[in-house]
Every structure is written in structure tokens, then in C-alpha cells.
Amino acid sequence: MKPLPIRAAALARRSLWNLHPRITADLPSPLLLKTTRRSHSAGSNALGSGSSSPAAHSSSVNASEISHFNALASTWWDPHGPSRILHLMNPLRHDFIRSCHSSQADHVESASSTSPPRYRYLDVGCGGGIFAESAARLPSTDYVVAIDPSPEVLAVARRHAARDPALTASSTPLSSPTDHASQGRPRLSYLNATIETLPEPASSDDQYDVVTLFEVVEHVDNPAAFLDRCGQFVRPGGWLILSTIARTWMSWFTTNLVAEDILGMVPPGTHDWRKYVNEDELRDFFAAKAGWGNPRVMGVVYVPGLGWKEVSGSEKVGNYFFGIRKDSEPAP
Ligand SMILES: C[S@@+](CC[C@H](N)C(=O)[O-])C[C@H]1O[C@@H](n2cnc3c(N)ncnc32)[C@H](O)[C@@H]1O
């Protein structure tokens, strides 16, 4: 094994060489690209024959991404393993969601209300369930449905959740039976599915208060169609929340060269820099559509030894959270 500085220099040379053709061209936003339609090479629809046929939508699934995550399945819950960056990020996800809710003019604080809010979550690309489990344990959660196209990863998620009977128990009935159709549902359920294979919501009862896509957008094909489809599952007044990485020199340096090649913090091949989406591209994407507003962003930086920290302005260069709210339906 070569000493670290020699290895790092060789890797840097290789990575720069690989990157050269990409950065000399003016890379368009992945949200403007349309990749070829693929068949669903991974992820069967666990819901069976829904109203939404897989063929009706361009698939967001990229087979090589799925095989990459399948290979990481067994170590998903090791807090010191390849997914440790995701474990460390989890508390900030909840902080960000809370900040989105509190930014709403019509937000009701649970302590001061007789009927505190109870949220229904759809976690898309849930992986082994780091966020899904933690969300399902919150007292403010009605229930969580979590989906992922990787069968191995989803099997790990199911096995891990089965260790905690509270997660598989039914959601507590809400005070008003007309609020949600949640009675009898487990607090957390997993589906080996994609957003394209889930049946289209027929009414707001089939939609969610919060649809989350944590570290997923940079791994999908057809990200614009993927976001549109995810948006259909947000109820009026609900939130689409995601985390991803800006497409900049700095993010290439930190996520591809340092994190993957030099320090080995995440397995090589985890990230394709060309698929990163900038936060202004997301803002523009939703601004061009009717029915979305109140975009919110939070830049975060990984500090070795300390974990993820919010750093204002860092969303322009690297990792960030983004939230956007679907307009409420006008009062009748
Ligand atoms: C980096 S992991 C993030 C997992 C989880 N969201 C977390 O942050 O703990 C990316 C996940 O996205 C999933 N994924 C890849 N392509 C997807 C797609 N087209 N639709 C939904 N999930 C996808 C992968 O299987 C993998 O579990």
C-alpha cells in the first residue's frame, strides 16, 4: 500500500483527468436533461396493480445506482460504516423540517393547541430507514410510508424496524376520525417501490404532509420528472423536503476527491458530480410551476470530528437542504 500522500496525488491526478472533459463543457442542470426511458430493472411494485402503470412514467431508476446501494445494505445501520455520514446528518433533517413548519404563517404550535398537528410522511429513497424510523418515533407523527427500489436495502430496513415493536404497532387514532384515514396503519411501513409505481393519489387522503427525498435526487434518472411525480404526493399545504449537493468545484473536491478517493469516507462511485443539482435550479424549477411557494434552504457542512453543521451560504457550494410548500387549497 502506497503512503497516503502518494496515493492522494495519484488519485487526484486520475480524478482531475476524469473530470476534465466534464468541466470544460458547460454542464446543463440535470433538471433540464431528459435521459432515455429505462425499464424498471429494480424495484417491483409492492402495492401490486395500482392505478399508475410503471410504463406510464419515465423511470427514475438507474440500475447501476441500485446495485451500488444493494452492496452497501449489510452495513447500513453501522454508525461507523459507509453510511455514517447519513447517520450524522439525521438530526439536522428534523431541525430543517421543523423550521419549514414554523415558517408557515398558519403554523400551529402543538403545545398551544387542543389538536396538535400529526404528520404523515412519505420517505422516498428511504435506504435502510435512518430517517424513516426516527420520524416514525416522533410524537407528532401519524405514520410514515417509506419506499426504496433497492430490495437488499429495503430488507435491511424491514429487519431493523422489526426490532422495535412500537414501529410496527398501529398509529394511534386521531381525535377526529375525519382527519385522516390512518387508523389501523402501522406507524412505519416499507414498500419496495418507486414513486412512479405508487398509485397516483386519488384524493388528499392519499397524500402526505411531508414528502422527503434525502440524498436521493443526485442518484436518479430524469430528476425533473421524478420531482414532479413526488410533488403529486404532497397534500395541499404540505412540504416537499430534500437534501442534495450543489454542482460546484468545491463539491467535486469534497464529495468526489476527498470523501471518496482520498479519505474513503464514502465508497468510491457513490456520487456522480454531473447529477448534482444547485439550489437556484430547484428554486427556478418550482417557481416555473403553479402551486408551490415558500422555498427554504439550509446549507450544511461536514466537519470531521464534529459532524454536520449549518453554515449559512454554504448551500451555494456543497450540501444543503431544500424545502418547498404546496399551496393550500383556497377555503370553500
Ligand atoms: C444515499 S442513499 C440515501 C438513503 C436515505 N434517504 C438516507 O438518507 O438515509 C440513496 C437511496 O436512494 C435510493 N434510490 C436510488 N434511486 C432511486 C429512485 N429512482 N427512486 C427512489 N429511491 C432511489 C437508493 O436505493 C438509496 O437507498
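Small disclaimer: the values here were computed from a predicted structure and weren't measured. (Residues numbered from 1 in each chain as written. Predicted model: local features only at pLDDT ≥ 70, side-chain atom pairs only at ≥ 80, totals over all residues.)

If you trace the 8 strands from one edge of the open sheet to the other, you get β3-β2-β1-β4-β5-β8-β6-β7, paired in mixed fashion. Among the strands making up the open sheet, the edge pair consists of β3 (188-191) and β7 (307-310). For this sheet the average axis-to-axis angle between neighbouring strands, irrespective of direction, equals 20 degrees. Judged from the 6 bridges that link them, strand β4 (residues 208-214) and strand β5 (residues 234-245) form a sheet pairing that is parallel. Bridge assignment links T212 to a residue of β5, and that residue is I241. (Pairing = 2+ DSSP bridges. Helix = DSSP H or I, 4+ residues; strand = E, 2+ residues; numbered from the N terminus. Axes fitted to C-alpha atoms, helices over the stretch in contact; angles between N-to-C directions.)

Among the nonpolar cores identified, the biggest contains 64 residues, and V144, A146, V211 and C230 are the most heavily contacted of them. The greatest single-element share of this core, amounting to 6 residues, is contributed by β5. Aside from chain neighbours lying at most four places away, what touches V211 is L122, V124, C230, F233, V234 and L240. (Core = buried A, V, L, I, M, F, W, Y, C linked by C-beta atoms within 7 Å. Buried ≥ 20, exposed ≤ 12 C-beta atoms within 10 Å, placed from the backbone. Contact = placed C-beta atoms within 7 Å.)

Here we take up the site of the ligand. Near the ligand you find 22 residues, and of these S60, G125, G127, S150 and F214 are the closest. Counting only elements with at least two residues in the shell around the ligand, the list comes to α2 (63-72) and α4 (130-136). In terms of residue count, the dominant contributor to the shell around the ligand is α2 (3 residues). For the shell around the ligand, the per-class residue count stands at 13 nonpolar, 6 polar and 3 charged. (Near = placed C-beta within 6 Å. Nonpolar A, V, L, I, M, F, W, Y, C, P; charged D, E, K, R; others polar.)

A few words now on the UniProt feature "binding site: S-adenosyl-L-methionine" (unreviewed entry) in the chain. Those places that UniProt annotates as "binding site: S-adenosyl-L-methionine" (unreviewed entry) correspond, in this numbering, to R93, G125, D148 and F214. Mapped onto the secondary structure, G125 falls in the loop between β1 (119-124) and α4. Since 27 C-beta atoms lie within 10 Å of it, G125 is described here as buried. When neighbours within four sequence positions are excluded, G125 is seen to be in contact with D148, L213 and V216. (UniProt positions renumbered as here; feature names shortened; annotations may be inferred.)

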